[in-house]
Structures are given as structure tokens and as C-alpha cells.
Amino acid sequence: MKRTLLTVLATTLLGLPSLMLGQDNQRSDVLQTTERIRSEERRQGDVRRQLGGAARKIDRLLKDLDSNGLTKEGKGQVIGDMNTALVEVNTKRVPKVAQDLQNARLQINQAFPHLEEADLEIKAVIADLDELLKASETALIADVLLQQIRALIKRESFLRRETAKWGKVLFVNPDIAAADKPRVVRAQDEALLDLGQFTRLLEGAVEKASDETLARRFKGAAKALGERKPDMSLRSAAGAIRLEDSIAAVEHQDKAIEGLKEIERILASDEDQIATKEDVLEELKRILEEQVDLKEETEDAGKELKNASELQAEQLELQKDLEEAVAGEPPNESVENASDAMEEAAEAFGEGNQEAALPPQDTAISELQNAISQLEAEIAEAAEAASSDSFA
């Protein structure tokens, strides 16, 4: 929509015929005609009305986004910056073109210098609109890149857990695991395709970036992508799955996830931290859900705990996920308490003691709930502050 709008406006400005007559500075009879210049002068009034109407529509859009609490989701900051630049062009550059044309019309015998000024100003207006379009597109591409890399991290983290479960089935029931192998391989191959799409978009963003801050983030992410080589790790993981080596597959997946997270951190630098907190919140909710399921498994296992080693492995895995989820976040007492409780439960599993495992699992669940509530409050407060800053 924004591309179409700016293209139309630029085309309107380009509609002014070439006002320059060549190197010899001679004027033709056409350019000496007062009515011809007056017509082009009026055209700039049409341009101003179109730009003004576009700015008012964008302003209404921003107000609607704000009233519905959708400023962030609707890219309100990007749209607002675009509107500010649009108003700047409309209130300063376009009137200057009209003034130069008027001077040429009123001083027809000395029209050439004024027409030259108008021609240069129109080129500047078109350059401003082009730069505005590039800047808004680059900012939107940055958002798309962050969405893609975060979705890829989430997907690969889920696949890593599924691969670990599939590996356990390999030992217990090889026939079932063999039947499920094509699904796991296909999921890993699809993740590699998604990474390829992300890579192509990032490479294009590096070439097109006009904003210095965004260019630095794009180049840093591209450098990390080349150094960490998550694509090779994903290929190795798929190969290990085909060979039914789940341990190697999980190791390659862990390496890929680490690389993807580093890329995400680089792309997310200099932006507000709300999106990052939302990702942490989503992961905490997943961990809480799996901790509840694990407690139910523990209760169903009976006092003898024949599958104590499996339960211990799952508990330690959840503790590891929790530590990774909050890495880089400020210390949180509830999270630390939940982690300690998980470790205590894992030790009880190691001793084959069901009664000793259940209480710390209850503690872990309660502390995770507290951590989630605290983080939700932080996100709401940050979103409210960001909204107030945008329209102060």
C-alpha cells in the first residue's frame, strides 16, 4: 500500500515536463508561455492536496491503532516515521517548487533561473520520497526477519524435543521408531528450507539497507550466519536422523539452535525488549505445561518408579530449558526457585523415591506460575509506556 502511494505521488511530480532546455540555457517558445507555466504551478497544488490527504489518512490509521492497543502489531512506529517525512516534503519542498514556478511566470523574461530551481527541487522531492520508501521498507523487513528467525528457533526447539523422544522410542520399540522416522526427517528438512528463505531475505536486506543502525544489525546477523553455519548443523541433524543416531541428531540441533539464537540477538539489538519478553513468556508457559504433565506421569508411575531414569531425564531436560529460556534476562527469584525445585525432583528420581519427587514438582509448578504472572505484568507495563511515548 505504501509503495503504491509513494509511487503515485512521485509520478505526479514527474508529470512536470522537463524544465531544462539543455546546456546552452536557451528558452523555447513553449516555456515562455505564461499559461503553460501556470498549469504546472497548479499541478503542485494538486500534489500538495494528495500528499496532505495521504498524511491525514495515515494519521487516522495511527490513532485507530493506538485506540485499539495495536500500535506495535500494526508497525505504528514505522508508519509514524513515514508520515512525519511525508509531511516534511508536503510543507517545505512542494511549496518551494510552486514558488519557483510562480516567479518564472511573473518574470517571464528572466524565467530560466526560476525554472532551473524548480527542476532541481522536483528532483529533490522525488529523491526524498524514494528514500522514504526505502527506509520504511527496510524497517518492515527487519520486523519480518525477526519474526522468521524466532519462528525458526521455536520450531527447531520443538523438533529437538521430539527427536529426543523419538530416540527413546528407538531403544524401546525400534519398529515404531522406524515407521515414524520419515516424519522426523521431513520436519528437519523443512526447517532447513525455512532457514534458506530467511538467509535470502537477510542477504537482500544487507544490500538495500539505507539506515545505518539497521545496516549494522543486518551485516552482524549475516556475519554470525556465516560463522555459526546453522544450515550445516541442520543438514547434519537430518543425516543423523536418517542413520537413526538420535544422540548425534540432538547435538547438531543444539548447535543449530545456539547459532540461530545468536543471530536473533543481533537482529533484536537496538529494538524494544517487549518482543523478547513475549518469547520468554511463551517458553515459560510451555515449560509449565510440560512440568504439570511430568508430575501426572510421576503420580501414575506408582511408588516403585520403574521408569525413574526416564522421569529423571525429562525433569533435567525441563530444568535445562528453563535456564536457556531466561538466559540474558534479569535474575528472577521465582525462576530460580523453580529451577532449584526441578533439580531436587531429579535427585529424588535418581533415588527412585516417588514421595520425595512430588513436593518439589508442586513447588516448581507454583513458582513457574508466579514467574509467568510477573512477566505478564512487565510486558503490559512496557507496552503501555511504549504507546505513551509514541503519541506524547
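These remarks concern the structure in this document. (Residues numbered from 1 in each chain as written. Predicted model: local features only at pLDDT ≥ 70, side-chain atom pairs only at ≥ 80, totals over all residues. Heavy atoms only, no water.)

According to the stated counting rule, one finds 24 salt bridges in the structure shown. The closest approach of N and O atoms between Arg-242 and Asp-189, which form a salt bridge, is 2.8 Å. In this pair, Arg-242 sits in helix 7 (residues 230-242) while Asp-189 sits in helix 5 (residues 174-208), placing the two residues 53 residues apart along the sequence. The partly exposed category is assigned to Arg-242, whose relative accessible area is 43%. For Asp-189, a relative accessible area of 27% puts it in the partly exposed group. Salt-bridge contacts for Glu-283 lead to Arg-286; the nearest nitrogen and oxygen are separated by 2.7 Å. Separated by 3 residues within a single helix, Glu-283 and Arg-286 lie in helix 9 (residues 274-301), roughly one turn from each other. Accessibility expressed as a relative area gives 13% for Arg-286, which makes it buried. (Salt bridge = Lys/Arg side-chain N within 4 Å of Asp/Glu carboxyl O. Helix = DSSP H or I, 4+ residues; strand = E, 2+ residues; numbered from the N terminus. Buried < 20%, exposed > 50% of the residue type's maximum accessible area, 1.4 Å probe, protein only.)

Relative orientation and spacing of two packed helices are given, respectively, by the angle between their axes and the distance between those axes. At their nearest, the axes of helix 5 and helix 6 (residues 212-228) sit 9 Å apart, and the two run at 140° to each other. The angle between helix 5 and helix 6 falls in the class oblique. At the point where helix 5 passes helix 6, the crossing takes the left-handed sense. Of helix 6, the residues touching helix 5 (which contributes Leu-195, Thr-199, Leu-202, Ala-205 and Val-206) are Phe-218, Lys-219, Ala-221, Ala-222 and Leu-225. Residue classes in the contact of helix 5 with helix 6 are distributed as 8 nonpolar, 1 polar and 1 charged. (Axes fitted to C-alpha atoms, helices over the stretch in contact; angles between N-to-C directions. Parallel < 35°, antiparallel > 145°, perpendicular 65-115°, else oblique. Left-handed = near helix turned anticlockwise from the far one by under 90°. Contact = heavy atoms within 4.5 Å. Nonpolar A, V, L, I, M, F, W, Y, C, P; charged D, E, K, R; others polar.)

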